[in-house]
Amino acid sequence: MLEIKNLRVVVDDKEILKGLDLTVPAGEVHAIMGPNGSGKSTLSYVLAGRDGYEVRDGGVTYLGKDLLAIMPEQRAREGVFLAFQYPVEIPGVGSATFLKTAVNAVRKHRGEKEFDALEFLKLVRAKREALGISEEMMRRPLNVGFSGGEKKRNEILQMSLLEPRLAILDETDSGLDIDALKVVADGVNALRREDRAIVVITHYQRWLDYIVPDSVHVLSEGRVVRSGGKELALELEQNGYGGIGLQAGAAV
Amino acid sequence: MATSRKQERSIPLAYAERYREFAPALPGADLPWLKNLRQEAIARFSALGLPSPRVEAWKYTNLSTLAKQPFVPVDDADIAVSPADVAALLPPEDGPSYRMVFVNGRLRPELSAVGELPPNVRICGLAQALTDEPAQLEPHLGRVAALNGHALVALNTAFMEDGCLIQVPRDEALEAPIHLIFLGRPGATPPAYHPRIVVIAELGSRVTLIESHVGAGQGVYWSNPVTEIRAEPGAVVGHYKFQDEGPGAYHIARTDVALAAGSRYESFVMAVGAGLSRNEIRVALGGEGADCRLFGGYMMRGRQHVDNTTRIDHLVPGCTSRETYKGVLDNRSRGVFQGQIVVHKGAQKSDGRQLSRTLLLSREAEIDTKPELEIYADDVTCSHGAAVGELDDDQLFYLRTRGIDEAAARGLLIEGFMGELADEIGFARVRDRMLATVSAWLSERREEAA
Ligand SMILES: Nc1ncnc2c1ncn2[C@@H]1O[C@H](COP(=O)(O)OP(=O)(O)OP(=O)(O)O)[C@@H](O)[C@H]1O
Ligand SMILES: [Mg+2]
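Residues numbered from 1 in each chain as written. Chains lettered and ligands numbered in written order. Predicted model: local features only at pLDDT ≥ 70, side-chain atom pairs only at ≥ 80, totals over all residues. Heavy atoms only, no water.

## Overview of the interface of chain A and chain B
Working step 1: At the junction of the two partners, chain A supplies 32 residues and chain B supplies 16 residues.
Working step 2: Counting every contact that joins chain A to chain B gives four salt bridges.
Working step 3: Between Glu155 of chain A and Arg402 of chain B there is a salt bridge; the shortest N-O distance is 2.7 Å.
Working step 4: Between the two partners, chain A and chain B, sit eleven residue pairs in polar contact (both at pLDDT 80 or more).
Working step 5: If you list the elements that add at least two residues to the side of chain A that touches chain B, you get α1 (40-48), α2 (72-77), β6 (80-83), β7 (90-94), α3 (95-109) and α6 (148-162) of chain A.
Working step 6: It is α3 of chain A that provides the largest number of residues to the side of chain A that touches chain B, a total of six residues. (Contact = heavy atoms within 4.5 Å. Salt bridge = Lys/Arg side-chain N within 4 Å of Asp/Glu carboxyl O. Polar contact = N/O pair within 3.5 Å; in protein donor to acceptor, adjacent residues only side chain to side chain. Helix = DSSP H or I, 4+ residues; strand = E, 2+ residues; numbered from the N terminus.)

## Some words on the environment of Glu221 of chain A
Working step 1: You can see Glu221 of chain A is positioned in the loop between β11 (215-220) and β12 (223-228).
Working step 2: Sequence-distant contacts of Glu221 of chain A, that is, excluding residues within four places in its chain, are made with Ile16, Lys18 and Ser38 of chain A.

## Here's the deal with the coordination of the magnesium ion (ligand 2)
Residues and elements named next belong to chain A.
Working step 1: Ligation of the magnesium ion (ligand 2) by protein atoms is provided by Ser41 (OG) and Gln85 (OE1), these donors lying 2.0 to 2.1 Å from the ion. Residue Ser41 is located in helix α1, and its partner Gln85 is located in the loop between β6 and β7; the two are separated by 44 residues in the primary sequence.
Working step 2: For Ser41, a relative accessible area of 17% puts it in the buried group.
Working step 3: Overall, the relative accessible area of 13% leaves Gln85 in the buried class. (Donors = N, O, S within 2.8 Å, 3.2 Å for Na, K, Ca; no water. Buried < 20%, exposed > 50% of the residue type's maximum accessible area, 1.4 Å probe, protein only.)

## Structural notes on the packing of aromatic side chains
Residues and elements named next belong to chain B.
Working step 1: Tallying each qualifying case throughout the model produces 19 aromatic pairs over all chains.
Working step 2: Ring geometry for Tyr193 against Tyr221: centres 6.2 Å apart, planes inclined by 10 degrees, an arrangement best described as stacked. Of this pair, Tyr193 sits in strand β9 (residues 191-193) while Tyr221 is found in strand β12 (residues 221-223), placing the two residues 28 residues apart along the sequence. For the pair Tyr193 and Tyr221, a shared accessibility class is recorded, and that class is buried.
Working step 3: Considering the side-chain rings of Phe242 and Phe268, the 6.4 Å spacing of their centres and the 70 degrees angle between planes classify their relative orientation as edge-to-face. Placement of Phe242 in strand β14 (residues 236-244) and of Phe268 in strand β16 (residues 264-271) is noted, with a sequence separation of 26 residues between them.
Working step 4: Accessibility expressed as a relative area gives 4% for Phe242, which makes it buried.
Working step 5: An aromatic cluster of three or more residues is present, and its members are Tyr15, Tyr19, Phe22, Phe71, Phe159, Trp222 and Tyr250.
Working step 6: Positioned over the ring face of Tyr398 is Arg402, at 4.8 Å from the centre of the ring. (Phe/Tyr/Trp six-rings, centres within 6.5 Å; stacked < 30°, edge-to-face > 60°. Lys NZ or Arg CZ within 6 Å of the ring centre and 35° of its normal.)

## Let's talk about the site of ligand 1
Residues and elements named next belong to chain A.
Working step 1: Inspection of the region around ligand 1 gives 16 residues, with Gly37, Lys40, Ser41, Thr42 and His203 positioned closest.
Working step 2: Residue Asn36 places a side-chain N or O atom 3.1 Å away from an oxygen atom belonging to ligand 1.
Working step 3: Here ligand 1 loses 69% of its free accessible area of 640 Å² to cover by the protein chains.
Working step 4: Going through the elements one at a time, β2 (14-24) and α1 are the ones with two or more residues in the shell around ligand 1.
Working step 5: Here the element with the most residues in the shell around ligand 1 is α1; it accounts for three residues.
Working step 6: Here the shell around ligand 1 is built from residues that sort into four nonpolar, eight polar and four charged. (Near = heavy atom within 4 Å. Areas by Shrake-Rupley, 256 points an atom, 1.4 Å probe, with all protein chains shown as cover. Nonpolar A, V, L, I, M, F, W, Y, C, P; charged D, E, K, R; others polar.)

## A look at the pattern of salt bridges
Working step 1: Inspection of every chain in the model, using the stated rule, returns 47 salt bridges over all chains.
Working step 2: Here Arg139 of chain A makes a salt bridge to Glu135 of chain A, at a shortest N to O gap of 3.7 Å. A residue pair is termed a helical-turn pair when its members lie 3 or 4 positions apart in one helix, as Arg139 of chain A and Glu135 of chain A do in helix α5 (residues 135-139) at four residues.
Working step 3: Look at Arg139 of chain A and you get exposed, because its relative accessible area is 61%.
Working step 4: Judged by its relative accessible area of 47%, Glu135 of chain A falls in the partly exposed class.
Working step 5: Counted as one network, the salt bridges with shared partners bring together Arg254, Asp256, Arg278, Glu280 and Asp307 of chain B.

Here it is, written out as structure tokens:
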């Protein structure tokens, strides 16, 4: 589903991704771990289509297409979803209005019927209740005044409404309390399907107890330096990155 | 040369030089007090001239193109306007109102619907009042909007032909708003008109005034309205204005407000129209506990120019003022915000806050902001802030990653930016209309881009 080959990306004259290879087949969950500053979020932004990243070499194929050639909104409509490490606050734009606009834009692209207000309300209610998001939050401007954990839940709410094929979750677990961790993981697991893939970026093994990955990759200085099964995460938990021969916390 | 300095500070206006020709046809020409008032006014205007950018308060708004137009006073006798013409220029009204329609500044009774009024409430055309009951008008006209120093108020006084007198008696709470609709209808020669609106809200009364300024056609015209409002103790005045003049219009408006103890004034001005517009508001907080709220929004494109100039005088202790102006400038449009707050000696416990925020949608758009706090008392809370920015890239990206295309994402952000202003408006109908104005502006912008 997702194939990244020798990806080299430069930001502000600084090379962040230095020949990154990663393949994620449909139906699988892949975890990406790695020290702060190793390039995990950069990778997620490049996949989502953020401006300002210069691809020097390599490329990304998604469902057989050149992902980097299409606009961010087009990627989203084609099924790429990024749950942000730091969801953006948008004053003045109501959460509910935003959700409806987004969902209908994506549905329209997929040739599905756009929801009317009532249908949409019902759908959102079911999904948000499962994630413990109050109706009051939906009336507030998007992410404005949301707590860290509320923002993360809101990301997963968006994901469950947009029904992506490829979901990239950038540290969705950070900021979630112990109970929320499970609730949100349930939301993610509900999305697992044969024709979908999930990339989970995290620092913590505990999150992977809830969302059990098929593979774990370690990113360091812009490259995947080690891949393995879910045991790799346990190994890292016990011995740190030093244990696999990396400098601990090698943030630039 | 002795006159060179004066010439630099003013722009000659041929139209005003022909005042003598037009004067006999003006309403109330036979009233000695009015004749005097007008004489004084035109003398004042002649001395001042049209302010040039050398005059500090007009530094950013240049009237020289206006001065070049061959304006004529309105001869409206044969301008046919139907109710449908008026309706086509306005959103449907979602509630009752006392409605007066003016075409090129003249009241059109056949298009208006004032209907039944509660006893002692007066809502009538100015020209008619000058004919029927000039004695009622004399003590009020020109009392709030003083001639001193303001050329365009003086010009309005000299030339005013019509407008509206609104008087709400003690403790009367007028439920429905008064809706004044000014329709500009440019003809073969560009018309100029000078409406005068006089509002007296007596002790403890409540009144809501909505002004809609619209234009039919692409041609040039000039509207120079002056509104004077006096709120007696405890009165509450809501004043809402939608400026959607035609693209060739000059709209130079001035509002003067005098607030007595415990009275409240809320103003909201939404400007999307006219080629060049200026809305100037001056509020005198003259009685303890008086409260004023000035809000404004503007959305400009092309080469439009919009100027919001305000001055709030805290004359006595314990008054509050709040001021927020927000706007969006696209293409090569220009905005001006000048906000002056003066806290006079002895006006302790004054509380004044001012905020101006502008979103520039293009590199060629420009805003000049000039906040001015002058404080002559020591125990006051005053603040001002001005922010100019562009749409936020992170916000845009976030929306786009959710499948919302770039144009729609921009639209949402602009709508959000302006929408925050709607929360400030205390009158639901106006709030809705403001939001509808924003949406309409955005869809026109999208159509233009497509
Ligand atoms: N615009 C930029 N200009 C310069 N350097 C940047 C820019 N954006 C990111 N970087 C750098 O790129 C490196 C990778 O950042 P990235 O956010 O991808 O790390 P990360 O692996 O997600 O880290 P964390 O675990 O802390 O979230 C960091 O050293 C960061 O400082
Ligand atoms: Mg990161």
